[in-house]
Amino acid sequence: MSQTAREMAEQFLNGEKQFHLGMLPTEQSNPKTRNLDRIFAADPARGIQTLLAVDFDIVPMAKRVFRSREYRQLVDDGLRMLRNGGRLGFSGCGATGRLSILLESMWRQFFIGLRREHPELAAKCGAWEDQVFSIMTGGDFALVKSVESFEDYSIFGRRQAADLAISGRDMLVAITEGGETSSVLGTAAEAADRGAKVYLLFNNPAEVLCRYIERSRQAIEDERITVLDLFCGPMGIAGSTRMQATTSEQLIAGFALEEIILALLGEKLSAAELAALGFDAY
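Summarised in this report is the structure supplied together with it. (Residues numbered from 1 in each chain as written. Predicted model: local features only at pLDDT ≥ 70, side-chain atom pairs only at ≥ 80, totals over all residues. Heavy atoms only, no water.)

Some points on the nonpolar core
Now for step 1: Within the largest apolar cluster, 42 residues are counted, with the highest numbers of intra-cluster contacts made by Leu88, Phe90, Trp107, Val173, Leu201 and Leu228.
Now for step 2: Looking at this core, the element that brings in the most residues is helix α13 (residues 244–268), giving nine residues.
Now for step 3: Not counting residues up to four positions away in its chain, the partners in contact with Leu88 are Leu82, Gln131, Val132, Phe133, Met171, Val173, Leu257 and Ile260.
Now for step 4: Among the nonpolar cores identified, the runner-up in size contains 26 residues, and Ala188, Val198, Val208 and Val227 belong to it. (Core = buried A, V, L, I, M, F, W, Y, C linked by side-chain atoms within 4.5 Å. Buried < 20%, exposed > 50% of the residue type's maximum accessible area, 1.4 Å probe, protein only. Helix = DSSP H or I, 4+ residues; strand = E, 2+ residues; numbered from the N terminus. Contact = heavy atoms within 4.5 Å.)

Given below as structure tokens:
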């Protein structure tokens, strides 16, 4: 090891303890998938079943969150912002950045299909199409190539939020699997400073984050930010926070988005028109 590399390693170990994340459940192994490599080697079908079994840990979390005051407030605030001409945004980094873009894309694709297949209905409610946006740390470039180090600086997230001119008319849902991604917390802080409604979704116990990670504690204890703790246990593969953490975030944020659009459509369209869109079951 070169002297420079050794110095960098020592600096990280001794001087950057706020980036030591081993105490977080999302970075730990899951007992359900212990010896997963051996299980796969002996029986691939059983290996897949073992890996997927961890997804069932999402169910009790989802039941708890869907019953919570914070989730209902998330839907109600999103509705209020869009009704009043404001915007609803999602921000993330890496997997949650792609999730944020996916949520915006789902929203836009609905209206694109509506214009194509039911132009008469689109004329009644197409104004909402451009009211959902997304922020991904590193921007479009990060979609195709990893942008190193950006996630470690809140200023990058702040700048992206500022570039979108987020204001008190808007709402931002910041999503970070670990609950400690600096750039995502930066978008939340900037949006809060600008008067927006802010929600923070993450997958570690809030009390653990507050105990060990100062930047997380500041966000969680910020009275301007409403927290939804989606903790559902360690990942199926240790440290791979792109697994059930992202699944749970897509479930909660995606269902909230669906509730919002159904409520908006219900204000503009008749029961027969909703049925024509396939929403007769709601």
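A word on helix α4 (residues 58–66)
Now for step 1: The set of residues buried in α4 consists of Ile58, Met61, Ala62 and Val65. Projection of α4 onto a plane perpendicular to its axis shows the buried side chains occupying an angular sector of 100 degrees, all on one side. Facing away from the buried side of α4 by over 90 degrees, the exposed positions are Pro60 and Lys63.
Now for step 2: Buried-residue contacts for α4 involve α5 (69–83), β5 (225–229) and α13. (Arc of directions from axis to C-beta.)

Here we look at the pairing of β5
Now for step 1: Within β5, five of the five residues are buried, leaving the element largely enclosed by the surrounding structure.
Now for step 2: Side chains of β5 alternate between two faces, with Ile225, Val227 and Asp229 and Thr226 and Leu228 buried alike.
Now for step 3: As paired strands, strand β4 (residues 197–202) and β5 are joined by five bridges and run parallel to one another. Bridge pairing links Val198 to Ile225 in β5. (Pairing = 2+ DSSP bridges.)

Quick look at the sheet that holds strand β2 (residues 132–136)
Now for step 1: The five strands are arranged β2-β1-β3-β4-β5 in an open sheet whose pairing can be described as parallel. Both edges of this open sheet fall to β2 and β5, since each of them pairs with a single strand only. If you compare each strand with its neighbour and ignore which way they point, the axes differ by 20 degrees on average.
Now for step 2: Where strand β1 (residues 88–92) meets strand β3 (residues 171–175), four bridges bridge the pair, whose relative direction is parallel. Across the sheet, Phe90 pairs through a bridge with Val173, a residue of β3. (Axes fitted to C-alpha atoms, helices over the stretch in contact; angles between N-to-C directions.)

Describing the packing of α5 against α13
Now for step 1: Close contact between α5 and α13 brings their axes to 9 Å; oriented N to C, the two are set at 45 degrees. Between α5 and α13, the crossing angle belongs to the class labelled oblique. Of the two elements, α5 crosses α13, and the hand of that crossing is right-handed. Along its contact with α5, which presents Tyr71, Arg72, Leu74, Val75, Gly78, Leu79, Leu82 and Arg83, the element α13 presents Ile252, Phe255, Ala256, Glu259, Ile260, Ala263, Leu264 and Glu267.
Now for step 2: Here the residues of the contact of α5 with α13 are counted per class, giving eleven nonpolar, one polar and four charged. (Parallel < 35°, antiparallel > 145°, perpendicular 65-115°, else oblique. Left-handed = near helix turned anticlockwise from the far one by under 90°. Nonpolar A, V, L, I, M, F, W, Y, C, P; charged D, E, K, R; others polar.)

Description of the side chain of Thr33
Now for step 1: By the secondary structure assignment, Thr33 is in the loop between α1 (3–15) and α2 (36–42).
Now for step 2: Residue Thr33 is classed as buried on the basis of its relative accessible area of 9%.
Now for step 3: In contact with Thr33, other than residues within four places in its own chain, are Thr50, Leu51, Val54 and Gly236.

A few points about unusual backbone geometry
Now for step 1: One non-glycine residue, Asn35, lies in the positive phi region at around 65 degrees.
Now for step 2: Looking at where Asn35 falls in the secondary structure, it is placed in the loop between α1 and α2.
Now for step 3: Phi at Ala165 takes a positive value of approximately 50 degrees, unusual for a residue other than glycine.
Now for step 4: Considering the arrangement of structural elements, one finds Ala165 in the loop between α9 (154–163) and β3.

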